[in-house]
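For reference, the chains in residue letters:
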Amino acid sequence: MASIEMRNIVKQYGDGYPAVNDVSLDIADGEFMILVGPSGCGKSTLLRMIVGLEDITSGDMVIGGKRVNDLAPRERNLSMVFQNYALYPHMTVFENIAFPLRLSKTPDDEVRRRVNEASDVLELKEHLERKPANLSGGQRQRVAMGRAIVRQAEAFLFDEPLSNLDAKLRGQMRTEISRLQRRLGITTVYVTHDQTEAMTLGDRVCVLRKGKIQQVASPRELYEQPVNLFVAGFIGSPPMNFLPATLEGTTLQTPFGAIALDEQRAAAVRGRELLLVGIRPEYFEDASLVDEVKRPVGSVFRARVDVTEWLGDSQYAYIPYEAPEAITAQLRDLSRELDSEELRTQAIVSIDSTSRIREGRDAEFWLDSRKIHVFDPQTGENLTRDAEAGARLTQMATEDRVEQVEHAQATGQTVGSSMLSGPSGSSGTSGTSGPSGAHRSGAA
Amino acid sequence: MRYLFRPPGTDGASLLALPWHQPLEEWDPDLLLEVPQRGISRHVVRFVAEQGRVFALKEIAESLARHEYALLGDFEAEGLPAVSVLGICVDRPGGQDAILVTRYLEYSMSYRYLFSRPSARQSVDQLMDTLVVLLVRLHLAGVFWGDCSLSNTLFRLDAGALAAHLVDAETAERHPTLSRGQRHYDLDLARERVGAEMLDLQFGDLLPAGVDPIEVADSLPVRYERLWEEVTREEVFRADEQRYRVAERLRRLNDLGFDVGEVELVTSDEGARLRVETRVSSPGQHRRELMRLTGLEVQENQARRLLNDLRTFRAWLEQKTGAPVSEAVAGIRWLAEVYQPVIDAIPPDLAGRLAPAEVFHEVLEHRWFLSEREGRDVGTTRAARSYFSTVLPRTPPELTTPSVIAKRP
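Residues numbered from 1 in each chain as written. Chains lettered and ligands numbered in written order. Predicted model: local features only at pLDDT ≥ 70, side-chain atom pairs only at ≥ 80, totals over all residues.

Labelled according to an unreviewed UniProt entry, chain B appears under the name Lipopolysaccharide kinase (Kdo/WaaP) family protein, originating from Geodermatophilus amargosae.

An unreviewed UniProt entry lists chain A under the name Carbohydrate ABC transporter ATP-binding protein, CUT1 family (TC 3.A.1.1.-), with Geodermatophilus amargosae as the source organism.

Colleague: Sorry if this is basic, but what is going on with the overall build of chain B here?
Modeller: If you tally the helices and strands in chain B, you get 13 helices and 13 strands. Its C-alpha atoms put chain B at 70 × 65 × 45 Å along the principal axes. Evaluated residue by residue, chain B yields a buried proportion of 39% over its 409 residues. Looking at chain B alone, contacts between residues at least 24 apart form 64% of all its contacts between residues at least 6 apart. (Helix = DSSP H or I, 4+ residues; strand = E, 2+ residues; numbered from the N terminus. Buried ≥ 20, exposed ≤ 12 C-beta atoms within 10 Å, placed from the backbone. Contact = placed C-beta atoms within 7 Å.)

Colleague: Sorry if this is basic, but what is going on with the overall build of chain A here?
Modeller: Helix and strand content of chain A: eleven helices and 21 strands. A compact globule built from 444 residues would reach a C-alpha radius of gyration of about 22 Å, and chain A, at 25 Å, matches this within 12%. For chain A, the spread of C-alpha atoms along the principal axes amounts to about 75 × 50 × 40 Å. Within the span of chain A, comprising 444 residues, buried residues form 45% of the whole. When contacts within chain A are restricted to residue pairs at least 6 apart in sequence, those whose partners lie at least 24 apart make up 71%. (Rg over C-alpha atoms; globule rule 2.2 N^0.38 Å.)

Colleague: Where do I start with the sheet that holds strand β12 (residues 251-254) of chain A in this structure?
Modeller: Residues and elements named next belong to chain A. Taken together, five strands build an open sheet; the order of strands is β13-β12-β11-β14-β21 and the sheet is antiparallel. The sheet is open, and its two edges are formed by β13 (257-260) and β21 (373-375), each paired on a single side. Strand after strand, the sheet turns through a mean of 40° between neighbouring axes, direction not considered. The sheet contact formed by β12 and β13 spans four bridges and is antiparallel. (Pairing = 2+ DSSP bridges. Axes fitted to C-alpha atoms, helices over the stretch in contact; angles between N-to-C directions.)

Colleague: What am I meant to see in the domain arrangement of chain A here?
Modeller: A common way to express how large an interface is: the accessible area buried when the components associate. Residues and elements named next belong to chain A. Domain annotation for chain A reports domain 1 (4-78 + 153-221) and domain 2 (230-384). Domain 1 and domain 2 are separated by 33 Å when their C-alpha centres are compared. Contacts between domain 1 and domain 2 engage nine residues on the former and eight residues on the latter. Its residues placed into classes, the side of domain 1 that touches domain 2 shows three nonpolar, five polar and one charged. (Domains from an automatic or database assignment. Nonpolar A, V, L, I, M, F, W, Y, C, P; charged D, E, K, R; others polar.)

Colleague: Please clarify how the domain arrangement of chain B should be interpreted in this entry.
Modeller: By domain assignment, chain B separates into domain 1 (2-103), domain 2 (108-232), domain 3 (235-278) and domain 4 (285-407). Taken over C-alpha atoms, the centre of domain 3 of chain B sits 36 Å from the centre of domain 4 of chain B.

Colleague: Whenever I open this one, the sheet that holds strand β1 (residues 4-12) of chain A confuses me. Can you help?
Modeller: Residues and elements named next belong to chain A. In space, the four strands of this open sheet follow the order β2-β1-β4-β5, with antiparallel pairing throughout. Edge strands, defined here as strands with exactly one partner in the open sheet, are β2 (18-27) and β5 (66-67). Of the pairings in the sheet, the one linking β1 to β2 comprises six bridges and is antiparallel in character. Bridge pairing in β2 places Ile9 opposite Val23.

Quick look at the structure:
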């Protein structure tokens, strides 16, 4: 296993268009990194440059300390998982996993050892001697993963592996991939356009836009401390609401009433005529249901509800608002860029599922003003981002990962006992550094 | 539901009555046709016959179906050897996957068939070379296959030689040109899949003794490199060699099954530098000429063979009548007096095992064989009769093409 370091990577096509533009990213040994963004953001191109499918226009691609720019895909020893789903009917499940080793003439006892270890992790042990005809959908996918595991590659790479599965299998596979990666502690790069996959799978997520990195951070940091409007709008479902606002003293005037800022945040946003306030749906509540203790940290406003959507465990209210043409146009552009259909001059507000707020009537809402962010509409920059708080969130995720890997190792759930050890650290948005303790197992 | 198909749409229209709203797995077996010549598929695939034509139906995610539909359409327009796509059915009820409909490649054989017969006329070498020609052709056209395997290829006889056709473009990608990395990666995938398929045959006791799956798989990159080099290399030679070196190169490319588009020759004091642009489509000049003269649609080598026979017939006519006979007249008379009588004489129980043009080619071979043995020309009629009673019955019945089975009462 290995770390993957990218230094100022550029991919320029014949027409001069930079599909990937000056990307520097460090993926720690054993880390699960997600590359996410809307179509055309460069995530697949970046993955293809790691694999060796695309020539690198400039910059360095370093895998396990070795520059690989000029190496053929095979010489990089990476494994594209799910590249081959085919099950061969005359071969047992064992042989269906083992054949890549057979083709490289690996000695029999080594083949047996590796396949047995992989089948332990994948819980395929009792199926090994059977023919694959009767495997379930999930088991078939695990056979494909087994093929990747026995190769003992430096890293696993996934290119939108779940996009063509039905919803149920997709959920199952997400869990499988996550569990597997934890147990093996293998460096993993996973490309997706689906922010739910990004948020549930990755140790860190790299959000790309038009070939450039926007932010690299843990899912929680992206959610709570996004660097800009793009990341804020891309991460989260339903998406963050953006309201036009002006600052008067230390108070924001918005279509949903006045929102008070503390002096520090007010100072950070001052000096701009127009602002955008970002509020996640769950920062709202039906005012009549808010705890008296919480009430003072937020503000209350009245608005007419267009539609409510009751989902049993949760409920959403849709509240239209007025916005100046400049803001409406910008939000429309943003939705288009995010491949989203949302009409953004309508706030989506989460309310308790017991709330009796009705469609077509005025109702009183509360919003938690501590958690809002204020953006510069021109540059998209998040003016109220707390970088330190963000870095703490990503640090926490790193600690969780190291602990999970150690737990898997301690309880003997891994392939090769020497394969895993922590810690491999990462912090903040500036990439990773520091020791990475994982080393290759037995027969390297 | 929504159906998309390309004109001519008459094929598509005849399929509309099928139960598209049901999962393919639940279709009434009476609607379906058993097709023995097929590889491994991870999707549900079924075959149907409508008005004497056979179609393959594959259930896949809509995005993949649309992608494959578009690509296969392009491949056909460019003359790349791939199955012909008819259309797709999307928006099926209950959120079901789309169905992609392709025309069955008549008279084709799967690798399972070709390998599992010890008496196979085609050697493993020939099969691998044929696959490599297909891969090189696709790569020249900027197509990254992503799933090059024997399962995704069908083979057809073309006057004794084999021709490979792509039957699955689900994972294929189109690029202006392929990078070296893409070509090598595609080749790595092909090597692994072919190796696995051969191992699978071996586990099923379907591989002739003496064929080593790993050796065969490992030979693929070697064969590929040799052919790629041959097809794309730039040559430098002395100015005085120019004339024969160019001719030699072009003949060599034609022998390998490639057509040449444009030749660039740059001369300087040091000599000449030759670069040839290889056409991605399979050669088709004989095919087109035979089509023009007779209306017959056959493969390239078959066409060359048939045209030779047609020319001999024309010379014989001119000699007999003592006057010139036009090409067009010779074509019509050859079709009616030579070709068609042979085809019509194929015994009904042996029909469909080989394509008609392939039968004609084999009859010509047989005629040569008989004539040599007897020391005189035995004539086509007698050769055909002998061929039908002694040679054609040895062609296995499982080769019978589905459209002929479908037409049986």
